[in-house]
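Here's the letter readout for the chains.
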Amino acid sequence: DEVKVIQADAQKDLDIAMPALENALKSLDSLDKKDLQEMKAFTKPPPLVMMTLEAVNVLLGEKPDWDTAKKVTLNDPKLIDKLKAYDKDNIPAKALKALSKYVTKPEYTPETVGNQSKAAKSLCMWTHAMDTYSKVATEVEPKRQKVAELNAKLDAANAALKEKQDALQKVIDQVAALQKKLKDTNDEKERLLNEAELTKARLGRADILTVGLADEGVRWRNTVTTIRQDIINLTGDVFLSSAAISYYGPFTGVYRAEIVEAWLKATKDLGIPCGDTFDLRAVMGNPVEIRDWNLQGLPADSVSINNGVMTFRGKRWPLMIDPQSQGNKWIKKKEGKELKVLKMTNSKMLLILDGAIRTGAPMLMEDIEEMLDPALDPVLLKAVFENNGRLQIKLGDSEVDYDKAFKFYMTTKMPNPHYFPEVCIKVTIINFTVTFDGLEEQLLNEVVSKEIPESLAKKVELMLQLADDRKVLAALEDKILKLLSESSGNILDDEVLINTLAESKETSKVVNIRVKEAEEAATQIEAACTEYTPVATGGSILYFVIADLANINPMYQFSLTYFVRLFNTCIDMAQKSDDIDVRMQYLSDSILSNVFLNVCRGLFEDDKLTFSFIIATAFQKQFGEINNAEWSLLLRGLGLLDMSARPPNPDPEFFSEKMWDFTYAVQLCCSEHCADLCEHISNYTEDWKEWICSDDPQTSPLPLNYDEQNELHYFQVLLLLKGLC
């Protein structure tokens, strides 16, 4: 700072002298040899010109007289250059003292000198500039020396400072290197810690993932194996499903099974890949949805469930052959309050149908006859078209906006309707006629609701709980699979997936425990309910016997609703007992006797014995005492039995060929008990003739107690009576 102050002060002094010096040097630039020759030409120069040249000679170290000035100074060709390059910083003190005598004179100014000579003016300016500069330099020089001294010290200090700064910088660089190394080490440490934490977290998530998916893995592997096989069989299974939905709906369960067996065989013969067996519910049904249908009133037997699948998987609207109104009740319960119900005879049918189509409400048309109203054709054919971006359908004379949520169901109570082909191609005809198993389950619920109502309530509750829990499990599985399929990158870094999996696993564990407990409880309740199965089986047998009475006389029509109400009345009338076996016997007896008596009230006297016989044989067929071959032989006769191995007739005159053929047919149909019947008749012909010719063969024992020895059933004896008597 001190150096700067002194240097600034010296520069300030120099700034005073420098303008005059610069002006003098510029003035010298304007001189030329002609100007100098002009002054040289003076014989006796003017006083101020003379004074100027003397002052110049003093500074140049020459004699201050005219001769010297004229001969030496003015004759020097390099005079101007000398003056410009004059060492103004080192003017001798003697010369300065002599110069002061001139510059102090008041008349010695560039202006006055210039009046006498232009060249002399420039030289005068130069002498004044040298005088001024020398004076300033005298004051500036100590300052310069001081500045130089201080600069030297400053340079030494700066050199020492730089040395220290270099040393410091070296230390700083070393510190920076160490800091960088420390930072890199800390970063590496942080990275390793983060990696360790990440690895630890991944290990935890991996544990959750492996444990969470362990149970699912086994089942999923099995499912994948099954699905792979299903994919191979897909072509044939879908083909059979399409055929079943399209064609086998109108038929009974037995005939459906025969059709499917024939289709399955033909499919395999043609080399079309398909499953070993075929069941429509397995290919097209959803177990959770089917469970809901069962809870809504659809019987759980395979025929009814396949009916439900056809109802919702077919492209055409369903027309249900529903004489017992089972399908009707199921649809009403399933669709709830939104369902619109009407009959074809309703005068406002099209108006109600219009409203349902517009709002997307389900609609049930009851009591359909064999002919359908042509106005329904657009609905049945789903003749929907797009008009200005809106789906519409033509109904009557108007075009109605069509809501895709609209559903249309039709039911008929006719047990055996005959629909024309043009009707069949517009709808999916489904036979909802009650099945033996479905009715048995329904009657079992009726018995249980009266005998052990708390068990039935618990059973229903468990069924609902199981249905809900299975829905939860299915939803959890779908959620896990969705997250797994959408996961990107390292799966162990997907915390959402892992947390969801952990939560799902816990939920699944709780639900599985609850499902297991519910299934165990349901098994116990089912076992308790199953004890009453014989009563329900008996009731189901009785209903189908009563339903078949219409084949005897069309007047004998008994509804399922009437029968169920009568069945419940019989249960109420049965004698009470705490012993379950005794109570079961009381129930069976009450149901059999009361149903028989009530139905007989509506029968002609001639048909009552037939009715009782059909009841007896129906029970015996159910329990295996009478086989189908024996029953067919009684009703239809010989049919197409192979007679090639028939033994010879022992007495053609007594036993006609028809009698002997029938006897051989009895031997074939009842081979377990009558394997030697023809041989026995041949060996004991006379005894058999006597029995045949007796007045009451039906009450007489068979010859040689053949019936007792072979443990013949009364029905087999009845066949012998038919054939021989």
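Residues numbered from 1 in each chain as written. Predicted model: local features only at pLDDT ≥ 70, side-chain atom pairs only at ≥ 80, totals over all residues. Heavy atoms only, no water.

Engineer: Go over the pairing of strand 3 (residues 363–366), please, and point to the residues and values.
Structural biologist: The alternating pattern of strand 3 places Met 363 and Met 365 on one face and Leu 364 and Glu 366 on the opposite face, and all of these are buried. Looking at chain direction, strand 2 (residues 340–343) and strand 3 are connected through 4 bridges and run parallel. Each residue of the ladder has a partner; that of Leu 342, found in strand 3, is Met 365. In the classification by handedness, the crossover that spans strand 2, the intervening helix 14 (residues 349–359) and the parallel strand 3 is right-handed. (Buried < 20%, exposed > 50% of the residue type's maximum accessible area, 1.4 Å probe, protein only. Helix = DSSP H or I, 4+ residues; strand = E, 2+ residues; numbered from the N terminus. Pairing = 2+ DSSP bridges. Right-handed = clockwise from strand over helix to strand, strands pointing away.)

Engineer: I'd love a proper account of the pattern of salt bridges, names of residues and values included.
Structural biologist: Across all of its chains, the model carries 22 salt bridges by this definition. The residue Glu 335 makes a salt bridge to Lys 407 at a minimum N-O spacing of 3.8 Å. Highlighted residues: Glu 335 in helix 13 (residues 326–335) and Lys 407 in the loop between strand 6 (398–401) and strand 7 (408–412), separated in sequence by 72 residues. Across the pair Glu 451 and Arg 583 runs a salt bridge whose closest N-O atoms are separated by 2.6 Å. A residue pair is termed long-range when its members are at least 10 positions apart, and Glu 451 in helix 17 (residues 436–451) and Arg 583 in helix 22 (residues 580–600) qualify at 132 residues. Within the structure, one salt-bridge network assembled from shared partners comprises Lys 332, Lys 343, Glu 366 and Asp 367. (Salt bridge = Lys/Arg side-chain N within 4 Å of Asp/Glu carboxyl O.)

Engineer: Tell me about helix 23 (residues 605–622), residues and numbers included.
Structural biologist: With 18 residues, helix 23 extends 27 Å from end C-alpha to end C-alpha; this agrees with the ideal 26 Å at 1.5 Å per step. For helix 23, every residue scored as buried is listed here: Asp 607, Phe 611, Ile 615, Thr 617, Ala 618, Phe 619 and Gln 620. Where helix 23 is buried, its residues meet helix 20 (533–548), helix 22, helix 24 (628–636) and helix 30 (714–724). (Expected span 1.5 Å × (residues − 1). Contact = heavy atoms within 4.5 Å.)

Engineer: Now, about empty space enclosed by the protein: what can you tell me, with residues and values included?
Structural biologist: Taken as a whole and assessed by the stated rule, the structure comprises 1 cavity of 30 Å³ or more. Computed from the structure, the largest cavity encloses a volume of approximately 30 Å³. Forming the boundary of the largest cavity are Val 303, Ser 304, Asn 307, Gln 326, Asn 431, Phe 432, Thr 433 and Thr 435. It is helix 12 (residues 302–313) that contributes the most residues to the lining of the largest cavity, 3 residues altogether. Residue classes in the lining of the largest cavity are distributed as 2 nonpolar, 6 polar and no charged. (1 Å grid on protein atoms, 1.4 Å probe; cavity = no way out; pocket = protein on both sides within 12 Å on 5 of 7 lines; lining within 4 Å. Points joined across faces, edges and corners; volume = space filled by probe spheres on them. Nonpolar A, V, L, I, M, F, W, Y, C, P; charged D, E, K, R; others polar.)

Engineer: Quick rundown of the packing of helix 11 (residues 287–295) against helix 12? Include the residues and the values.
Structural biologist: At a minimum axis separation of 11 Å, helix 11 and helix 12 run at an interaxial angle of 110°. Viewed along their axes, helix 11 and helix 12 adopt a mutual orientation that is roughly perpendicular. In terms of crossing hand, the pair formed by helix 11 and helix 12 is right-handed. For the pair formed by helix 11 and helix 12, the contact residues are Glu 289, Ile 290, Trp 293 and Asn 294 on the first element and Ile 305, Gly 308, Val 309, Phe 312 and Arg 313 on the second. A breakdown of the residues in the contact of helix 11 with helix 12 according to their chemical character gives 5 nonpolar, 2 polar and 2 charged. (Axes fitted to C-alpha atoms, helices over the stretch in contact; angles between N-to-C directions. Parallel < 35°, antiparallel > 145°, perpendicular 65-115°, else oblique. Left-handed = near helix turned anticlockwise from the far one by under 90°.)

Engineer: Go over helix 11, please, and point to the residues and values.
Structural biologist: Those residues of helix 11 that fall on the buried side of the exposure criterion are Ile 290, Asp 292, Trp 293 and Asn 294. Tucked inside the fold, the buried residues of helix 11 contact helix 10 (280–284), helix 12, helix 13 and helix 18 (453–486).

Engineer: Hey, could you go over a negative patch on the surface for me, with residue numbers and the actual values?
Structural biologist: A contiguous patch of negative charge on the surface is contributed by Glu 531, Asp 578, Asp 579 and Asp 581. If you trace the backbone, Asp 579 turns up in the loop between helix 21 (560–573) and helix 22. According to the relative accessible area criterion, Asp 579 is partly exposed, its value standing at 39%. (Patch = residues over 30% accessible without salt bridge, like charges linked within 9 Å, V, L, I, M, F, W, Y side chains within 5 Å. Areas by Shrake-Rupley, 256 points an atom, 1.4 Å probe, with all protein chains shown as cover. Lys, Arg positive; Asp, Glu negative; His and termini not counted. Charge placed at Lys NZ, Arg CZ, Asp CG, Glu CD.)

Engineer: Tell me what's going on with the nonpolar core, and back it up with residues and numbers.
Structural biologist: The biggest cluster of nonpolar side chains holds 44 residues, and the ones touching the most others in it are Phe 563, Phe 567, Ile 591, Val 595 and Phe 611. Where this core is concerned, the elements lending two or more residues are helix 17, helix 18, helix 19 (495–530), helix 20, helix 21, helix 22 and helix 23. Excluding anything up to four places from it in sequence, Ile 591 contacts Val 535, Leu 542, Phe 567, Cys 570 and Ile 571. (Core = buried A, V, L, I, M, F, W, Y, C linked by side-chain atoms within 4.5 Å.)

Engineer: Got a sec to walk through the layout of surface pockets? Specific residues and values, please.
Structural biologist: In this model, the largest pocket occupies a volume close to 1200 Å³. In terms of lining, the largest pocket is formed by 39 residues, of which the most central are Pro 323, Gln 324, Pro 415, Thr 433 and Val 434. Looking at the lining of the largest pocket, the elements with two or more residues in it are helix 9 (253–269), helix 12, strand 8 (428–431), helix 17, helix 20 and helix 21. Of all the elements, helix 20 adds the most residues to the lining of the largest pocket, at 5 residues. Taken together, the residues of the lining of the largest pocket sort by class into 21 nonpolar, 14 polar and 4 charged. For the second largest pocket, the lining is made up of 37 residues, of which Asn 294, Leu 298, Glu 441, Asn 445 and Met 463 are closest to its centre. Put simply, the parts of the chain that give the lining of the second largest pocket at least two residues each are helix 11, helix 13, helix 17, helix 18, helix 19 and helix 20.

Engineer: Outline unusual backbone geometry, supporting the account with residue identities and numerical values.
Structural biologist: Backbone geometry places Asn 388, a non-glycine residue, at a positive phi of 55°. Note that Asn 388 resides in the loop between strand 4 (384–387) and strand 5 (390–395). Residues other than glycine seldom take positive phi values, yet Asn 705 does so here, at roughly 50°. Secondary-structure assignment places Asn 705 in the loop between helix 28 (685–693) and helix 29 (706–709).

Engineer: Give a description of the sheet that holds strand 4 that names residues and reports values.
Structural biologist: Adjacent strands of a sheet pair through backbone hydrogen bonds, lying either parallel or antiparallel. One open sheet accounts for 3 strands, arranged 4-5-6; its pairing is antiparallel. At either margin of the open sheet sits one strand with a lone partner, and together these are strand 4 and strand 6. Taking the axes of each pair of neighbouring strands and ignoring which way they run, one obtains an average angle of 45° across the sheet. Relative to strand 5, strand 4 is paired through 4 bridges, and the arrangement is antiparallel. The partner of Val 384 across the bridge, within strand 5, is Ile 393. Against the sheet, helix 14 contacts strand 5 and strand 6, and its axis sits at roughly 35° relative to strand 6.

Engineer: So what's going on with the environment of Leu 234? Which residues, and what values?
Structural biologist: Tracing the backbone through its elements, the reader meets Leu 234 in helix 8 (residues 118–247). The spatial distance from the C-alpha of Leu 234 to the C-alpha of Ser 117 is 130 Å, given a sequence separation of 117 residues.

Engineer: Summarise the packing of helix 11 against helix 18; cite the residues concerned and give the values.
Structural biologist: Orientation of helix 11 relative to helix 18, taken along the N-to-C sense of each, is 160°, at an axis distance of 10 Å. Classified by the interaxial angle, the pair formed by helix 11 and helix 18 is roughly antiparallel. Between helix 11 and helix 18 lies a crossing whose hand is left-handed. Facing Val 288, Arg 291, Asp 292 and Leu 295 of helix 11, the residues of helix 18 in contact are Met 463, Leu 464, Leu 466, Ala 467, Arg 470 and Lys 471.

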